[in-house]
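Take a look at the letters that make up each chain.
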Amino acid sequence: LPLLGRSVMLLLSALLHAYDSFEMHWASTHRGVASRFRLIESHWTFFVGYGGVLAALSAGLRFWDLFVLRAVLYPIYIANAPHARYSDAPTRRLPVFQACFGVINSALQLAELRMRPSRS
């Protein structure tokens, strides 16, 4: 079970690092947030590779070492994002964000129901 948790953490971390790298480019092209997540889920193999190095470093380095390395690497990743060709690598959709948002939305709805005053 710990191996599965670590693998899922690395996968999600890689996708979020890739999202961070592409966010400025997508914002300048007026791509909506839902569209961004669908794009990442549709081309997840590309984005796992794109953010995988930073995710692996995040898991293995101490905070300050990682901080310095990210300060050097992130501008390179961000500058490279507009030139990336992720459409050349279509894969089967992996709905990781949809699953995460489903869990979060369910928890928020449950919390909202519990916070409502009871009708007596």
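Our structure is the block above this text.
In this text the structure is predicted, and so the values were computed from the model without any measurement.

Another aspect to go through is the overall build of the protein. On a plain count of helices and strands, the protein comes out with five helices and zero strands. The order of α-helices and β-strands along the protein, N terminus first, is α-α-α-α-α. Relative to the 2.2 N^0.38 estimate, which gives 14 Å for 120 residues, the radius of gyration of the protein is 17 Å and therefore markedly larger than a compact globule would have. Counting only C-alpha atoms and orienting by the principal axes, one finds that the protein spans roughly 60 × 35 × 25 Å. Across the 120 residues in the protein, those meeting the buried criterion constitute 24%. For the protein, contacts bridging at least 24 residues in sequence account for 78% of all contacts bridging at least 6. Approximately 8300 Å² of the protein is accessible, and the part contributed by carbon and sulfur atoms is 66%.

For helix α3 (residues 44-60), built from 17 residues, the straight-helix expectation of 24 Å at 1.5 Å per residue is met to within 8% by its first-to-last C-alpha distance of 22 Å. Remark: the principal bend of α3, roughly 50 degrees, maps to G52. In this fold, the buried residues of α3 make contact with α1 (2-28), α2 (33-42) and α4 (63-80).

Moving on: the side chain of R36. Residue position: R36 is located in helix α2. Judged by relative accessible area, R36 falls into the buried class, the value being 7%. Contact partners of R36, with chain neighbours within four places excluded, come to Y19, E23, W26, A27 and R31.

Right, let's get into the nonpolar core. With 19 residues, the main nonpolar core has F22, W26, I40, F47 and Y86 as its most contacted residues. Every element with two or more residues in this core is listed here: α1, α2, α3, α4 and α5 (96-115). Of all the elements, α1 adds the most residues to this core, at five residues. In contact with Y86, not counting residues within four places along its chain, are F22, W26, R31, L39, H43, F46 and F47.

Attention now goes to the packing of aromatic side chains. Applying the stated criterion across every chain yields a total of 13 aromatic pairs. Ring plane angle 70 degrees and centroid distance 6.5 Å describe the contact between F22 and F46, whose orientation is recorded as edge-to-face. Residue F22 is found in helix α1, and its partner F46 is found in helix α3; the two are separated by 24 residues along the sequence. Relative to F67, the ring of W64 lies with its centre 5.5 Å away and its plane at 75 degrees, an arrangement referred to as edge-to-face. Taken as a pair, W64 and F67 lie in helix α4 at a separation of three residues, close to a single helical turn.

Look at α3 against α4: their axes get within 11 Å of each other, and the N-to-C directions meet at 175 degrees. By the angle between their directions, the pair α3 and α4 is classed as roughly antiparallel. Of the residues in α4, those touching α3 at Y50, V53, L54, L57 and S58 are L66, L69, R70, L73, Y74, Y77 and N80. Considered class by class, the residues forming the contact of α3 with α4 number nine nonpolar, two polar and one charged.

Calculation rules
- Residues numbered from 1 in each chain as written.
- Predicted model: local features only at pLDDT ≥ 70, side-chain atom pairs only at ≥ 80, totals over all residues.
- Heavy atoms only, no water.
- Helix = DSSP H or I, 4+ residues; strand = E, 2+ residues; numbered from the N terminus.
- Rg over C-alpha atoms; globule rule 2.2 N^0.38 Å.
- Buried < 20%, exposed > 50% of the residue type's maximum accessible area, 1.4 Å probe, protein only.
- Contact = heavy atoms within 4.5 Å.
- Areas by Shrake-Rupley, 256 points an atom, 1.4 Å probe, with all protein chains shown as cover.
- Expected span 1.5 Å × (residues − 1).
- Bend = angle between axes of the 7 residues up to and from the residue.
- Core = buried A, V, L, I, M, F, W, Y, C linked by side-chain atoms within 4.5 Å.
- Phe/Tyr/Trp six-rings, centres within 6.5 Å; stacked < 30°, edge-to-face > 60°.
- Axes fitted to C-alpha atoms, helices over the stretch in contact; angles between N-to-C directions.
- Parallel < 35°, antiparallel > 145°, perpendicular 65-115°, else oblique.
- Nonpolar A, V, L, I, M, F, W, Y, C, P; charged D, E, K, R; others polar.

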